[in-house]
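Observations on the three-dimensional arrangement
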Amino acid sequence: MKKQMMAAAAVLMAAGAVWGADTPTPTVATAKVSPDAQKLMGEMTSAYGQLHSLQLSGTFSADFDIGGEPRKEKEDISGTFEAPNRFKHEMKDDLASGSTGEKFYGYAKKPNLYFTTALPPAGGQLMSGDLPDSIRSMLHEQNPGLLLAISKDAEQSMKAEATEISTASPTVLNGASYDTLLVLRGADKPSTKLLLDPKTHLIRQTQTDLSPELVHRGAPDVKKAIITVDYALVTPDAPVTDAAFAWNAPAGAREQAQTTGADDVDGAVKDLIGKAAPDFTLKQLDGTDVKLSGLKGSVVVLDFWATWCGPCVAGLPHVDGIYKDNKDKGVKAFAVNMQEESDKVKAFVEEKKLTLPVLLEPKGDVAEKYKVEGIPETVVIGKDGIVKKVFVGTGPDTEEQLRAAVEAAMKG
């Protein structure tokens, strides 16, 4: 299991610490770019653009010393790409994502949940904007070399997010010399060093210093905060097979619902409606306990979610808005996080500027009581402690339906 510091770092990386994961590329680049850096970026972009296939393997590691607690952690990663639109990424014993050429998929081992969605109908070469948000963020965080092979828009993305891009003296790694790019994003933002193979012009390693961002966020005594993606194997135009991109959900895995509304729930989830909400006690991010039965007399909204879940991330601001609009009227609302480390969740909440209180669900026991088989699942509990509505997934009408459900429960 990843430790808390590494998890917090992952959130910053997923938020675009390397180069603009979620920021649209403007038509005019803003970065100050040295001539040498421009040459290296051009070579890199051209090299990725000409790939027919790519195989990668290496490690994703964290080297932190924050608040007097030094930590070093490492996970194995791998990646495979075939033009125009097939790829596979894996972090050992944790996460997987990819494209079979017909569908995108994502899988998280710990909660044993997955999602699938169709590729753009036009087919052809993928760009970063074609990828589901959760996959794009995952690759930015864990496998940037694979993302560049898929999207081929590294130069514009880097220029759009950076304040300055320059070169440094070649870096020697394991006896070999690599061209080095320095990408700066501002005084209080992460900076990234990219090591490029001078023969292939592909990424050999990225080193991202999160210290400025963590200091800006108020982390105590930040001596070191380095995330490194190191590719021990980079094989351009390697032979690949169809089997390399095939994917089926593991036995027993549960599908993450995406568009089911409250009126469409069925099975065990529907059986919750009209019955007493199962009691529980969970901790908030600040360590204080929340006991559901102690909230009787108030309308309560529970939103089960995870940071890696795209529909959850899309739906959380709606729940947060409903909470802000109704908290002075006595409504209680909680984002119930599914089995993730507290520091990762805290960093995500701060990044998204959410005001919704968060409960940590480390074992999945509460989710089991609430028949959670797909996330997000949002439960509206009346003042009498009875479940009034359950929403599974999120869609264009979900916010309106949820607001109506909360208003109806407030009148009850």
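Refer to the structure printed above.
What counts, and at which threshold
Residues numbered from 1 in each chain as written. Predicted model: local features only at pLDDT ≥ 70, side-chain atom pairs only at ≥ 80, totals over all residues. Heavy atoms only, no water. Helix = DSSP H or I, 4+ residues; strand = E, 2+ residues; numbered from the N terminus. Contact = heavy atoms within 4.5 Å. Areas by Shrake-Rupley, 256 points an atom, 1.4 Å probe, with all protein chains shown as cover. Phe/Tyr/Trp six-rings, centres within 6.5 Å; stacked < 30°, edge-to-face > 60°. Buried < 20%, exposed > 50% of the residue type's maximum accessible area, 1.4 Å probe, protein only. Pairing = 2+ DSSP bridges. Expected span 1.5 Å × (residues − 1). Arc of directions from axis to C-beta. Polar contact = N/O pair within 3.5 Å; in protein donor to acceptor, adjacent residues only side chain to side chain.

Secondary structure assignment for the protein yields 11 helices and 20 strands. Counting contacts in the protein only where the partners sit at least 6 residues apart, residues at least 24 apart contribute 66% of the total. Accessible surface, the protein as shown: approximately 17,900 Å² in total, 50% of it carbon and sulfur.

Within the structure shown, the criterion is met by six aromatic pairs. Taken together, a centroid distance of 6.2 Å and an interplanar angle of 75° make the contact between Phe-280 and Tyr-370 edge-to-face. Here Tyr-370 lies in the loop between α10 (365-369) and β19 (377-381) and Phe-280 lies in the loop between α7 (267-270) and β14 (281-284), a separation of 90 residues in the sequence. We classify Phe-280 as buried; its relative accessible area is 5%. Judged by relative accessible area, which is 0%, Tyr-370 ranks as buried. Centre to centre, the rings of Phe-304 and Tyr-370 are 5.7 Å apart; their planes meet at 40°, and the pair counts as tilted. Here the residue Phe-304 occupies a position in strand β16 (residues 300-305), and Tyr-370 occupies one in the loop between α10 and β19, the gap between them amounting to 66 residues. For the residue pair Phe-304 and Tyr-370, the accessibility class agrees, reading buried in each case. Linked through ring pairs, Tyr-105, Tyr-114 and Trp-247 together constitute an aromatic cluster.

Most of strand β4 (residues 86-91) sits inside the fold, with five of its six residues counted as buried. Bridge count between strand β3 (residues 69-82) and β4: six bridges; the pairing is antiparallel. Across the sheet, residue Gly-79 finds its bridge partner in β4, namely His-89. In textbook terms, the turn of a hairpin is the stretch between consecutive antiparallel strands, and for β3 and β4 this stretch comprises three residues. In the sheet, β4 pairs with strand β5 (residues 95-99) via five bridges, with the strands oriented antiparallel. Across the sheet, His-89 pairs through a bridge with Ser-97, a residue of β5. A loop of three residues connects β4 with β5, the two strands running antiparallel in sequence, and Asp-93 in this loop sits at a positive phi of about 60°.

Take helix α11 (residues 398-411) next. For α11, which comprises 14 residues, the first-to-last C-alpha distance of 20 Å matches the rise-based estimate of 20 Å (1.5 Å per residue) to within 8%. Burial in α11 covers these residues: Thr-398, Leu-402, Ala-405, Val-406 and Ala-409. Around the axis of α11, the buried residues are gathered within 95° of arc, so they sit on the same side. In this structure, α11 carries Glu-400 and Lys-411 as exposed residues pointing more than 90 degrees from its buried face. Its buried side turned inward, α11 meets β16, α8 (310-326), β19 and β20 (387-392).

Note on placement: Gln-142 falls in helix α3 (residues 133-142). Polar side-chain contacts of Gln-142 include one of 2.7 Å to the side chain of His-89. Discounting chain neighbours no more than four positions away, the residues touching Gln-142 are Phe-60, Ile-77, His-89, Met-91, Leu-95 and Val-229.

One can find Thr-206 in strand β11 (residues 203-209). Here Thr-206 falls in the buried class, since its relative accessible area comes to 1%. Separated by 23 residues in sequence, Thr-206 and Val-229 have C-alpha atoms that sit 5.2 Å apart. In contact with Thr-206, other than residues within four places in its own chain, are Pro-144, Thr-192, Lys-193, Leu-194, Ile-227, Thr-228 and Val-229.

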